Amino acid sequence: MLIENCPIINVNVKVWLFWAYLRKPKWYSYLLGCVPVTVLNVFQFMNLFHVIASGSGDMNKIIIDGYFTVLYFNLVLRTSFLMGNRGKFETFLEGIADEYAVLEKQNDIRPLLDQLTRRARILSKSNLWLGAFISACFVTYPLFSPDSGLPYGVYIPGVDVHASPIYEIVFVLQIYLTFPACCMYIPFSSFYCTCALFGLVRIAALKRSLEKIHEYNTSPRSLFARIKECLQYHKDIIKYVSDLNELVTYIFLLELLSFGMMLCALLFLLSISNQLAQMVMIGSYIFMILSQMYALYWHSNEVREQSLEIGDSLYYNSAWLDFDNSVKKKIILMLARAQRPLAIKIGNVYPMTLEMFQSLLNASYSYFTLLRRVYN
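Residues numbered from 1 in each chain as written. Predicted model: local features only at pLDDT ≥ 70, side-chain atom pairs only at ≥ 80, totals over all residues. Heavy atoms only, no water.

As annotated in an unreviewed UniProt entry, the protein carries the name Odorant receptor and is attributed to Aedes aegypti. Entered under Sequence similarities (unreviewed entry) in the UniProt record, the comment concerning the protein runs "Belongs to the insect chemoreceptor superfamily. Heteromeric odorant receptor channel (TC 1.A.69) family." (UniProt positions renumbered as here; feature names shortened; annotations may be inferred.)

Spelled out as structure tokens, the structure:
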């Protein structure tokens, strides 16, 4: 099965293929997408440095410009990592497509596969629509703002971006670049969530196989062969989660550091703002951060929790104490390995769980209250 035909991942894969981030490079796609977005991000950093160095901007402007600069830097880094590891991503996605075709033929797991596939597709499409909506808010906000600035603050040496007709040209270009920028950021998060959902399907398939293992007890040879298959499938799942972790761990480390800081700054800005339009926009920025981060951590937590139940399915439902010693040894190996949960880690150090997400919110709120107290 081709990766663009695999239902659980094809929404995000088609976006990446459209912009030539997978398979054969297409330079005209880069010139229309990631290259100008990267140039925009460079001008954003220059603007942020210029505003801070010259002292010409107030707190509101610095925080908003900083948020967009960090957001665009993150999406540029995501895309650069994807293109730099194109082969690894393609191999990983091809493995999902092949395994999906196998699981489709298993009647006992097919209902769950269909259910999580629908959830993955709804999640991917809703993320794209949410990203498009909030991006539209990004570029239309200056029309309702009293300072009539650009959607994203930029500084181009020797060019006055606020003088006509440069202002209008830059404004239109930023509106256009918002679309490829959204396609650079959103599919990466959706890709991870859909891969986590597919991991849940594989874990469920293994658990059901283990629960039915006692049906082979009439033939010791068949039982031994079946437990070996389950043991190998468990190893395949471990490798699957490990490969997924390798593809996302350092990108998520950057998000933890950058968006934790920006969440604190946006909460502070929301507390001192007195303009309704600005408060609505800041609320949408905060909602985007929280929704994206929660989706990542929730799916990671589900993989971790479900993997811990593999041992329970084998221990309580298989009547393994009645098996031969050779089979018991294999089962004990699987039970021992199942005690270590499968986890996606931040920077290969801290597992992504809901407890860690809560800790991130607590830390951001603590720094916000400290910043607010100092400001007052």
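From this point on, the discussion continues.
Enquirer: What is the right way to look at the overall build of the protein in this model?
Expert: If you tally the helices and strands in the protein, you get eleven helices and two strands. Viewed in the frame of its principal axes, the protein has a C-alpha envelope of about 85 × 50 × 30 Å. Residue burial in the protein is summarised as follows: out of 376 residues, 50% are buried. Expressed as a percentage of contacts within the protein between residues at least 6 apart in sequence, the contacts between residues at least 24 apart total 79%. As presented, the protein carries roughly 18000 Å² of accessible surface, and 63% of it is formed by carbon and sulfur atoms. For the protein, the separation between the mean place of its 32 positive charges and that of its 27 negative charges on side chains is 5 Å. (Helix = DSSP H or I, 4+ residues; strand = E, 2+ residues; numbered from the N terminus. Buried < 20%, exposed > 50% of the residue type's maximum accessible area, 1.4 Å probe, protein only. Contact = heavy atoms within 4.5 Å. Areas by Shrake-Rupley, 256 points an atom, 1.4 Å probe, with all protein chains shown as cover. Lys, Arg positive; Asp, Glu negative; His and termini not counted. Charge placed at Lys NZ, Arg CZ, Asp CG, Glu CD.)

Enquirer: It is not clear to me how the packing of aromatic side chains should be interpreted in this structure. Could you clarify?
Expert: Centre-to-centre distance and the angle between the planes together describe a pair of aromatic rings. Enumeration according to the criterion identifies 25 aromatic pairs in this entry. Taken together, the aromatic side chains of Trp16, Phe81, Phe89, Phe92, Tyr100, Phe188, Phe191, Tyr192, Phe198, Tyr240 and Phe252 make up a single cluster linked through ring pairs. In this arrangement the basic side chain of arginine 78 is found over the ring face of tyrosine 185, its NZ or CZ atom lying 4.1 Å from the centre. (Phe/Tyr/Trp six-rings, centres within 6.5 Å; stacked < 30°, edge-to-face > 60°. Lys NZ or Arg CZ within 6 Å of the ring centre and 35° of its normal.)

Enquirer: Help me understand the packing of helix H5 (residues 86-104) against helix H7 (residues 166-211), please; the structure alone is not making it clear to me.
Expert: To describe two helices that pack against each other, one gives the angle between their axes and the distance between the axes. Between H5 and H7, the least distance of the axes is 12 Å, while the angle of their chain directions is 40°. Put simply, H5 runs oblique to H7. Regarding H5 and H7, the two cross each other, and that crossing is left-handed. For the pair H5 and H7, the contacting residues are Phe89, Phe92, Leu93, Ile96, Glu99, Tyr100 and Leu103 in the first and Phe188, Phe191, Cys195, Phe198, Val201, Arg202 and Ala205 in the second. In terms of residue class, the contact of H5 with H7 is made up of twelve nonpolar, no polar and two charged. (Axes fitted to C-alpha atoms, helices over the stretch in contact; angles between N-to-C directions. Parallel < 35°, antiparallel > 145°, perpendicular 65-115°, else oblique. Left-handed = near helix turned anticlockwise from the far one by under 90°. Nonpolar A, V, L, I, M, F, W, Y, C, P; charged D, E, K, R; others polar.)

Enquirer: What should I look at first to understand the layout of surface pockets in this one?
Expert: Summary: where empty space remains is shown by rolling a probe the size of a single water molecule over the atoms. For the second largest pocket, the calculated volume is near 330 Å³. Contributing to the lining of the second largest pocket are 13 residues, with Thr91, Phe92, Lys239, Tyr240 and Asp243 lying nearest its centre. A per-class count over the lining of the second largest pocket returns four nonpolar, two polar and seven charged. (1 Å grid on protein atoms, 1.4 Å probe; cavity = no way out; pocket = protein on both sides within 12 Å on 5 of 7 lines; lining within 4 Å. Points joined across faces, edges and corners; volume = space filled by probe spheres on them.)

Enquirer: I keep staring at H5 and nothing clicks. Help me out?
Expert: Within an α-helix, residues lying three or four positions from one another point in the same direction, as the helix has 3.6 residues per turn. In a regular helix each residue adds 1.5 Å, so 19 residues correspond to 27 Å; H5 covers 27 Å between its end C-alpha atoms and thus fits that length. When H5 is considered as a whole, its buried residues turn out to be Arg86, Phe89, Glu90, Phe92, Leu93, Ile96, Ala97, Glu99, Tyr100 and Leu103. (Expected span 1.5 Å × (residues − 1).)

Enquirer: I would appreciate a short explanation of a nonpolar patch on the surface in the present structure.
Expert: A contiguous nonpolar surface patch, about 310 Å² in accessible area, is contributed by Val159, Ile166, Ile169 and Leu173. Residue placement: valine 159 occurs in the loop between helix H6 (110-144) and H7. (Patch = residues over 30% accessible without salt bridge, like charges linked within 9 Å, V, L, I, M, F, W, Y side chains within 5 Å. Salt bridge = Lys/Arg side-chain N within 4 Å of Asp/Glu carboxyl O.)

Enquirer: I'm lost on the pattern of salt bridges in this one. Help?
Expert: Under the defined criterion, the tally for this structure stands at five salt bridges. Among the salt bridges present, the one from arginine 23 reaches glutamate 4, with a minimum N-O distance of 2.7 Å. Pair noted here: arginine 23 is in the loop between helix H1 (10-18) and helix H2 (27-32) and glutamate 4 is in the segment before H1, with a separation of 19 residues, a long-range link. In this structure, the salt-bridge partner of arginine 78 is glutamate 255, at a minimum N-O distance of 1.9 Å. With a gap of 177 residues between them, arginine 78 in helix H4 (residues 59-84) and glutamate 255 in helix H8 (residues 220-272) connect regions that are remote in the sequence. Of the two residues, arginine 78 and glutamate 255, both sit in the buried class.

Enquirer: It is not clear to me how unusual backbone geometry should be interpreted in this structure. Could you clarify?
Expert: As a rule of thumb, non-glycine residues mostly have phi less than zero, and peptide bonds are mostly trans rather than cis. With omega at 5°, the peptide bond leading from serine 164 into proline 165 counts as cis. Mapping proline 165 onto the fold places it in the loop between H6 and H7. A positive phi angle is found at alanine 20, which is not glycine, with a value near 65°. Even without being a glycine, asparagine 348 presents a positive backbone phi close to 60°. As for its position among the elements, asparagine 348 is in the loop between strand S1 (345-346) and strand S2 (350-351).

Enquirer: Help me out: how do you make sense of empty space enclosed by the protein in this one?
Expert: Scanning all chains against the criterion turns up five cavities of 30 Å³ or more. Of the pockets and cavities examined, the largest cavity occupies roughly 90 Å³. Looking at the largest cavity, it is lined by 13 residues, and the ones nearest its centre are Leu71, Ser135, Phe138, Ala181 and Cys182. Elements represented by at least two residues in the lining of the largest cavity include exactly H4, H6 and H7. In terms of residues, the lining of the largest cavity owes the most to one element, H7, which gives five residues. Classifying every residue of the lining of the largest cavity by side-chain character gives ten nonpolar, three polar and no charged. The volume enclosed by the second largest cavity comes to roughly 40 Å³. Considering the residues around the second largest cavity, the lining is formed by Tyr67, Leu71, Tyr185, Phe259, Met288, Ile289, Gln292 and Met293. Put simply, the parts of the chain that give the lining of the second largest cavity at least two residues each are H4 and helix H9 (276-317). Take the lining of the second largest cavity: its biggest share by element is four residues, from H9. Its residues placed into classes, the lining of the second largest cavity shows seven nonpolar, one polar and no charged.

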